[in-house]
Amino acid sequence: MFFILNTFVVNINNMSIDWNFVVPKSKPLPKAKQDNPLATPSITMIIGGTGSGKSVCMSNILMALQDIHEFDSGLFVTSNGRDPILDTIEMPITQKPSDLEDYISKVRNSREGTNHILVLDDCQGSKDFNIMTNRSTFVSFVLSHRHFGENKKKAGLNGTWLIITAQTLKNSFSTQVRNQVKNWILYYPRTPTELRNYDELAQDPAMMRRAMAIVKSEGRHAFLFLNKHDPERDRYYLGFNDEMRDLN
């Protein structure tokens with residue numbers, strides 16, 4: 001098995017992960033995986049400022065993925081080599097855009113029935129990574145990530161997962177890339193402009209504003225989990241467990 005993290009326990013507000021909700025799927029999955037939005041290849045994007053708790057949240061998601069899948073390869077890309085969270089990571093870590101390019105090429109040519117994970121941690125602060133992630137090769141990789149490693153006889157069980165963190169939505173890659181994100185984790189932003197930017201993620205901006213008002217009332221480390229697996233409607237959660245059902 002390709003291990004991602006050392007085992008450790010985190011106890012910060014709503015950081016435990018308990019996937020007790022159903023995400024509609026276009027193709028049938030084994031029952032054990034039907035209720036988990038991390039079960040099939042997907043992109044998770046975490047938006048939060050310094051000190052918000054997004055690194056801890058990212059670590060929890062990595063541990064959850066490790067519990068569900070066996071990964072054949074992985075790469076953790078960061079622009080901050082001094083982040084203490086790196087001490088818990090047991091996968092290749094790099095600050096070089098060339099390593100990201102090489103990894104993308106490797107995953108593109110991976111065999112069927114394999115699983116891969118790519119983490120991009122606050123890379124938008126780096127000019128070199130900005131150049132790399134705006135290239136057509138990177139964008140096309142993101143648009144097709146589900147198919148790299150896919151077993152065509154068992155659709156949805158293998159492929160490539162991405163976790164991306166950024167301090168603001170404005171700096172979190174292009175709209176084309178953001179449209180591929182199924183799991184959004186949003187911390188309350190520091191400015192009204194950043195808060196308004198969240199509206200573009202929602203089918204109903206008014207519901208987004210009500211949801212973020214609840215997040216704000218819960219305190220510093222609270223976050224919104226916006227589940228966009230269902231094309232018919234967005235699903236809002238405070239943390240990972242508590243669905244917000246009365247936002248209309």
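Owing to the predicted nature of the structure, the values given are computational and were not obtained by experimental measurement.

What counts, and where the lines are drawn
Residues numbered from 1 in each chain as written. Predicted model: local features only at pLDDT ≥ 70, side-chain atom pairs only at ≥ 80, totals over all residues. Heavy atoms only, no water. Phe/Tyr/Trp six-rings, centres within 6.5 Å; stacked < 30°, edge-to-face > 60°. Helix = DSSP H or I, 4+ residues; strand = E, 2+ residues; numbered from the N terminus. Buried < 20%, exposed > 50% of the residue type's maximum accessible area, 1.4 Å probe, protein only. Pairing = 2+ DSSP bridges. Axes fitted to C-alpha atoms, helices over the stretch in contact; angles between N-to-C directions. Parallel < 35°, antiparallel > 145°, perpendicular 65-115°, else oblique. Left-handed = near helix turned anticlockwise from the far one by under 90°. Contact = heavy atoms within 4.5 Å. Nonpolar A, V, L, I, M, F, W, Y, C, P; charged D, E, K, R; others polar. Polar contact = N/O pair within 3.5 Å; in protein donor to acceptor, adjacent residues only side chain to side chain. pLDDT = per-residue confidence, 0-100.

*Asks:* I'd like a rundown of the packing of aromatic side chains, residues and numbers included.
*Replies:* This structure, assessed with the given rule, holds 6 aromatic pairs. Ring geometry for Phe223 versus Phe240: centroids 5.1 Å apart, planes at 65°, classification edge-to-face. Taken together, the positions of Phe223 in strand β7 (residues 223–227) and Phe240 in the loop between β8 (235–238) and β9 (242–243) put the pair 17 residues apart, joining distant regions of the chain. Taking relative accessible area as the criterion, Phe240 reaches 2% and is therefore assigned buried. Judged by centre distance (5.7 Å) and plane angle (55°), the ring pair of Phe225 and Phe240 falls under tilted. Linking Phe225 in strand β7 with Phe240 in the loop between β8 and β9, this pair joins segments that are 15 residues apart in sequence. Put simply, the rings of Tyr187, Phe223, Phe225, Tyr237 and Phe240 touch in pairs and so form one group of aromatic residues.

*Asks:* Talk me through the sheet that holds strand β5 (residues 159–166); I want residue IDs and the actual numbers.
*Replies:* Hydrogen bonding along the main chain pairs the strands of a sheet, whether they run parallel or antiparallel. Read across the open sheet, the 9 strands follow the order β3-β2-β4-β5-β1-β6-β7-β8-β9; overall the sheet is mixed. A single partner strand is all that each edge strand has here, and the edge strands are β3 (93–94) and β9.

*Asks:* Would you mind going over the packing of helix α3 (residues 97–108) against helix α5 (residues 136–143) in detail, with residue names and values included?
*Replies:* α5 packs onto α3 with a crossing angle of 45° between their chain directions and a minimal axis gap of 11 Å. Accordingly, the angle class assigned to the pair α3 and α5 is oblique. Relative to α5, the crossing made by α3 is left-handed. Counting all contacts with α3, which are made through Ile104, Val107 and Arg108, the residues of α5 involved are Thr137, Phe138, Ser140 and Phe141. Of the residues assigned to the contact of α3 with α5, the class counts are 4 nonpolar, 2 polar and 1 charged.

*Asks:* Describe unusual backbone geometry, with residues and values.
*Replies:* Residue Asp122 is not a glycine yet carries a positive backbone phi of 50°. Along the chain, Asp122 turns up in the loop between β4 (115–121) and α4 (127–133).

*Asks:* Any chance you could break down the side chain of Asn158 for me, citing the residues and the numbers?
*Replies:* By secondary structure assignment, the location of Asn158 is in the loop between α5 and β5. Looking at Asn158, its side chain comes within polar contact range of the side chain of Asn115, at 3.1 Å. Those residues in contact with Asn158 that lie beyond four places of it in its chain are Pro41, Gly113, Thr114, Asn115, Arg146, Gly149, Glu150 and Asn151.

*Asks:* Could you give me a rundown of the pairing of strand β1 (residues 43–47), with the residues and numbers involved?
*Replies:* Within β1, 5 of the 5 residues are buried, which leaves the element mostly enclosed by the surrounding structure. Burial along β1 is two-sided: the residues Ile43, Met45 and Ile47 and Thr44 and Ile46 are all buried. Two elements, β1 and β5, share 5 bridges in a ladder whose sense is parallel. From the neighbouring strand, Ile47 faces β5, where its bridge partner is Ala166. Judged from the 4 bridges that link them, β1 and strand β6 (residues 183–187) form a sheet pairing that is parallel. Bridge assignment links Ile46 to a residue of β6, and that residue is Ile185.

*Asks:* Could you give an account of the confidence of the model for the protein, with specific residues and numbers?
*Replies:* Across the protein, pLDDT averages 82, with 85% of residues at or above 70. β6 holds the highest mean pLDDT among the elements of the protein, 95, whereas helix α1 (residues 31–34) holds the lowest, 47. For the stretch residues 1–34, pLDDT sits under 50, and the model shows 97 contacts to residues farther than four places along the chain or on other chains.

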